[in-house]
Amino acid sequence: MTAKIAYEDVEVGTELPPRTFPVTRATLVQYAGASGDFNPIHWNEKFAREVGLPDVIAHGMFTMAEAIRVVTDWVGDPGAVVEYGVRFTKPVIVPNDDKGATIEVSAKVAAVLDDNRVRVDLLAKSGDQKVLGMSRAVVQLA
Amino acid sequence: MALDQSFVGRSYPPTDPYEVGREKIREFAEAVGDTNPAYADTEAAKALGHPDVIAPPTFVFAITFKAAGQVIEDPQLGLDYSRVVHGDQKFAYTRPVRAGDRLTVTSTIEAIKSMAGNDILDIRGEVHDEAGEHVVTAWTKLVARAAEGA
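What you are looking at is a predicted structure, and each value in this text was computed from that prediction instead of being measured.

Reading the values: rules and limits
Residues numbered from 1 in each chain as written. Chains lettered and ligands numbered in written order. Predicted model: local features only at pLDDT ≥ 70, side-chain atom pairs only at ≥ 80, totals over all residues. Heavy atoms only, no water. Helix = DSSP H or I, 4+ residues; strand = E, 2+ residues; numbered from the N terminus. Buried < 20%, exposed > 50% of the residue type's maximum accessible area, 1.4 Å probe, protein only. Contact = heavy atoms within 4.5 Å. Buried area = accessible area lost by both parts, 1.4 Å probe. Salt bridge = Lys/Arg side-chain N within 4 Å of Asp/Glu carboxyl O. UniProt positions renumbered as here; feature names shortened; annotations may be inferred. 1 Å grid on protein atoms, 1.4 Å probe; cavity = no way out; pocket = protein on both sides within 12 Å on 5 of 7 lines; lining within 4 Å. Points joined across faces, edges and corners; volume = space filled by probe spheres on them. Nonpolar A, V, L, I, M, F, W, Y, C, P; charged D, E, K, R; others polar. Core = buried A, V, L, I, M, F, W, Y, C linked by side-chain atoms within 4.5 Å. Pairing = 2+ DSSP bridges. Phe/Tyr/Trp six-rings, centres within 6.5 Å; stacked < 30°, edge-to-face > 60°.

(A) Summary view of the environment of Met-61 of chain A. Its location among the elements puts Met-61 of chain A in helix α3 (residues 60-67). A relative accessible area of 4% means that Met-61 of chain A is categorised as buried. Spatially, the C-alpha atom of Met-61 of chain A lies 9.5 Å from that of Asp-37 of chain A, the residues being 24 residues apart in sequence. Setting aside residues up to four positions removed in sequence, Met-61 of chain A forms contacts with Tyr-31 and Phe-88 of chain A together with Thr-58, Phe-61, His-86, Gln-89 and Phe-91 of chain B.

Structural data, given as structure tokens:
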């Protein structure tokens, strides 16, 4: 485990570099295959509307996977993540066009813990909707 | 109809081992657009102190969710899966999942709640490697929305 961020260099309020992640219908098909989650609400517009959704939505687990990249890119070693949890508050709606949707993720250090660990709180939005709530990771720093 | 509280605390038998393949990790990392070399390059992973390539933090969900199928499809529990949405997800890692791991999952129903006609089910999946060492615990909250007119 080799984090590139030193515990001594971090304080409460330290902001991580924010990222914007694109998501298109093709992304969702690729993620469905890789994850084994073939729920049609993630690729079949007719089905999605029949169950009351406005359109096809991204897998919550896809959004969760994108959000943590802000932390793993910052810390260097993805193995430094020792805890990660989210609440799925709103779906990411993915229109059937060449642009799709975007997931904007920002994060900051919310607490400095013992044993060179820090808690990072994440904010993930799509459009003006917050899509993840209570999104927190604990990382082991150098 | 509210789910039977007597299922709280029930554990299901451990799953057969799932063997984590390096190409499956690579496929998953590509699907989420993550180019971190720790997922694809053994030497890069070793430089970080890992014995082999590691999986992205949420990779293990595919394994624990499949295991949770034992709970979701338990006819005695009677969850209406067509109305289920994923509420919360949390992981606590003892170490990262890595290529070559043979992982078993033991699923336990941690809580059952009923709120405004919704059934809320908390499932804990304990993931162990072939040596019996703990790798990660996954907590999955599923919400079965109330049927219309119920």
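Let's pick the thread back up.
(B) Spotlight on the interface of chain A and chain B. Contacts between the two partners involve 30 residues from chain A and, on the opposite side, 30 residues from chain B. Both sides together, the interface formed by chain A and chain B hides about 2,400 Å², and carbon and sulfur atoms give 55% of it. When the area that chain A buries against chain B is broken down by residue, the three leading residues are Ala-34, Met-61 and Pro-78 of chain A, summing to 21%. Here Arg-87 of chain A and Asp-88 of chain B are joined by a salt bridge, their closest N and O atoms 3.3 Å apart.

(C) Inspection of the pattern of salt bridges at higher detail. All names here are of chain B. Under the definition given, this model contains 22 salt bridges over all chains. Put simply, Arg-26 and Glu-23 hold a salt bridge, and the shortest N to O gap is 2.9 Å. Of the two residues, Arg-26 and Glu-23 are both situated in helix α1 (residues 22-31); the distance of three residues between them amounts to about one turn of the helix. For Arg-26, a relative accessible area of 31% puts it in the partly exposed group.

(D) Inspection of the UniProt feature "domain: FAS1-like dehydratase" (unreviewed entry) in chain B at higher detail. Feature annotation in UniProt places "domain: FAS1-like dehydratase" (unreviewed entry) on residues 6-137 of chain B, given in this structure's numbering. Measuring from the first to the last C-alpha atom of residues 6-137 of chain B gives 23 Å, for a span that is 21% helix and 31% strand.

(E) Structural view of empty space enclosed by the protein. Taken as a whole, this structure holds three cavities of 30 Å³ or more when the rule is applied. Counted as a void, the largest cavity has a volume near 90 Å³. Class assignment of the residues belonging to the lining of the largest cavity gives a composition of 10 nonpolar, one polar and one charged.

(F) Molecular detail of the nonpolar core. Val-23, Trp-74, Tyr-84, Val-120 and Leu-141 of chain A together with Phe-91 and Val-97 of chain B are the most contacted members of the largest nonpolar core, which has 71 residues in total. Not counting residues up to four positions away in its chain, the partners in contact with Val-120 of chain A are Leu-16, Val-71, Trp-74, Ala-107, Lys-108, Val-109, Ala-110, Ser-135, Arg-136, Ala-137 and Val-139 of chain A. Core analysis: the next-biggest nonpolar cluster, separate from the first, contains 15 residues, Ala-68, Leu-77, Leu-79 and Val-84 of chain B among them.

(G) Quick peek at the sheet that holds strand β1 (residues 18-19) of chain B. Strand order in the open sheet formed by 10 strands is β1(A)-β3(A)-β4(A)-β5(A)-β2(A)-β2(B)-β5(B)-β4(B)-β3(B)-β1(B), with antiparallel pairing between adjacent strands. Looking along the sheet, the strands with just one partner apiece sit at the ends: β1 (15-23) of chain A together with β1 of chain B. Across 10 bridges, the pairing between strand β4 (residues 118-128) of chain B and strand β5 (residues 134-144) of chain B is antiparallel. Counted as the bridge partner of Gly-125 of chain B is Ala-138 of chain B from β5 of chain B.

(H) Representation of the packing of aromatic side chains. All names here are of chain A. In the structure shown here, the tally under the stated rule is five aromatic pairs over all chains. Between Tyr-31 and Phe-62, the aromatic rings sit 5.5 Å apart at their centres with planes inclined by 75 degrees, giving edge-to-face as the arrangement. You can see Tyr-31 sitting in helix α1 (residues 25-35) and its partner Phe-62 sitting in helix α3, a full 31 residues away along the chain. Assigned by exposure class, Tyr-31 and Phe-62 land together as buried.

(I) Examining α1 of chain A more closely. Residues Arg-25, Thr-27, Leu-28, Tyr-31, Ala-32, Ala-34 and Ser-35 of chain A constitute the buried set of α1 of chain A. For α1 of chain A, the secondary structure elements touched by its buried residues are β1, α2 (45-50) and α3 of chain A together with α1 and α3 (61-72) of chain B. The first or second residue beyond α1 of chain A is Gly-36 of chain A, which carries a positive phi of 80 degrees.

(J) Seen up close, the layout of surface pockets. Put simply, the largest pocket is a space of about 1,100 Å³. Taken together, 40 residues form the lining of the largest pocket, with Asn-39 and Ile-41 of chain A together with Val-84, Val-85 and His-86 of chain B sitting closest to its centre. By residue number, the principal contributor to the lining of the largest pocket is α3 of chain B, which donates six residues. Taken together, the residues of the lining of the largest pocket sort by class into 21 nonpolar, 12 polar and seven charged. Roughly 330 Å³ of volume is contained in the second largest pocket. Lining the second largest pocket are 19 residues, with Gly-85, Val-86 and Met-134 of chain A together with Gln-89 and Lys-90 of chain B sitting closest to its centre. Those elements that place two or more of their residues in the lining of the second largest pocket are β2 (81-88) and β5 (129-140) of chain A together with β2 (84-93), β4 and β5 of chain B. Of all the elements, β2 of chain A adds the most residues to the lining of the second largest pocket, at five residues. Here the residues of the lining of the second largest pocket are counted per class, giving seven nonpolar, three polar and nine charged.

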